[in-house]
Amino acid sequence: MDMRKRKAIVEAALESEYERQALGIMNTEQALKLEDSDGLVFSHPDKEAGVTDHFVDQDELRRLVRRPTSPLPVLQSRGRAARSS
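This write-up is about the structure you can find in this document. No experiment lies behind these values; they were computed from the predicted model shown.

### Concerning the environment of Gly50
As for its placement among the helices and strands, Gly50 is situated in the loop between β3 (40-43) and β4 (55-57). Along the backbone, Gly50 and Val10 are 40 residues apart, and their C-alpha atoms lie at a distance of 7.7 Å. When sequence neighbours within four positions are dropped, the list of residues in contact with Gly50 reads Glu11 and Ile25.

### Let's talk about the pairing of β3
Alternating residues of β3 divide into Leu40 and Phe42 and Val41 and Ser43, and every residue in both groups is buried. Pairing of strand β1 (residues 9-15) with β3 involves 3 bridges; the strand directions are antiparallel. Across the sheet, residue Leu14 finds its bridge partner in β3, namely Leu40.

### Some remarks on the pattern of salt bridges
Following the criterion strictly, the structure yields 4 salt bridges and no others. When the shortest N-O distance is used, the salt bridge between Arg20 and Glu15 registers 3.0 Å. Arg63 is paired through a salt bridge with Glu60; the nearest N and O atoms lie 2.9 Å apart. Placement of both Arg63 and Glu60 in helix α3 (residues 58-66) is noted, with a separation of 3 residues, approximately one turn of the helix. Using a relative accessible area of 27% as the deciding quantity, one classes Glu60 as partly exposed. A network of salt bridges, in which partner residues are shared, links Glu15, Arg20 and Asp53.

### Structural notes on the nonpolar core
Membership of the largest hydrophobic core is limited to 11 residues, which are Val10, Ala12, Met26, Ala31, Leu32, Leu40, Phe42, Val56, Leu61, Leu64 and Val65. Those elements giving two or more residues to this core turn out to be β1, α2 (28-33), β3 and α3. Considering every element that reaches this core, the biggest residue donor is α3, with 3 residues. The contact partners of Val56, leaving out residues within four places of it in the chain, are Val41, Phe42, His44, Leu61 and Leu64.

Rules behind the numbers
- Residues numbered from 1 in each chain as written.
- Predicted model: local features only at pLDDT ≥ 70, side-chain atom pairs only at ≥ 80, totals over all residues.
- Heavy atoms only, no water.
- Helix = DSSP H or I, 4+ residues; strand = E, 2+ residues; numbered from the N terminus.
- Contact = heavy atoms within 4.5 Å.
- Buried < 20%, exposed > 50% of the residue type's maximum accessible area, 1.4 Å probe, protein only.
- Pairing = 2+ DSSP bridges.
- Salt bridge = Lys/Arg side-chain N within 4 Å of Asp/Glu carboxyl O.
- Core = buried A, V, L, I, M, F, W, Y, C linked by side-chain atoms within 4.5 Å.

Structure, rendered in structure tokens:
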């Protein structure tokens, strides 16, 4: 797990059909340790906690935190080609 993502700050909230009630701010590591609950959502870890309206459930947060953060191979090969010219 990427250290940056594990320590990213997210807002936890309970979401119903009518509203989203803020619960608190925590890092993603703490958020993933919470017991899964219906309606429990978290602000996207790439967005600013407490400001964004982009929320994801705990499963999606887990996928976002564990995704690789290395550049795409296409970008790396282009960079090498450009340097050798």
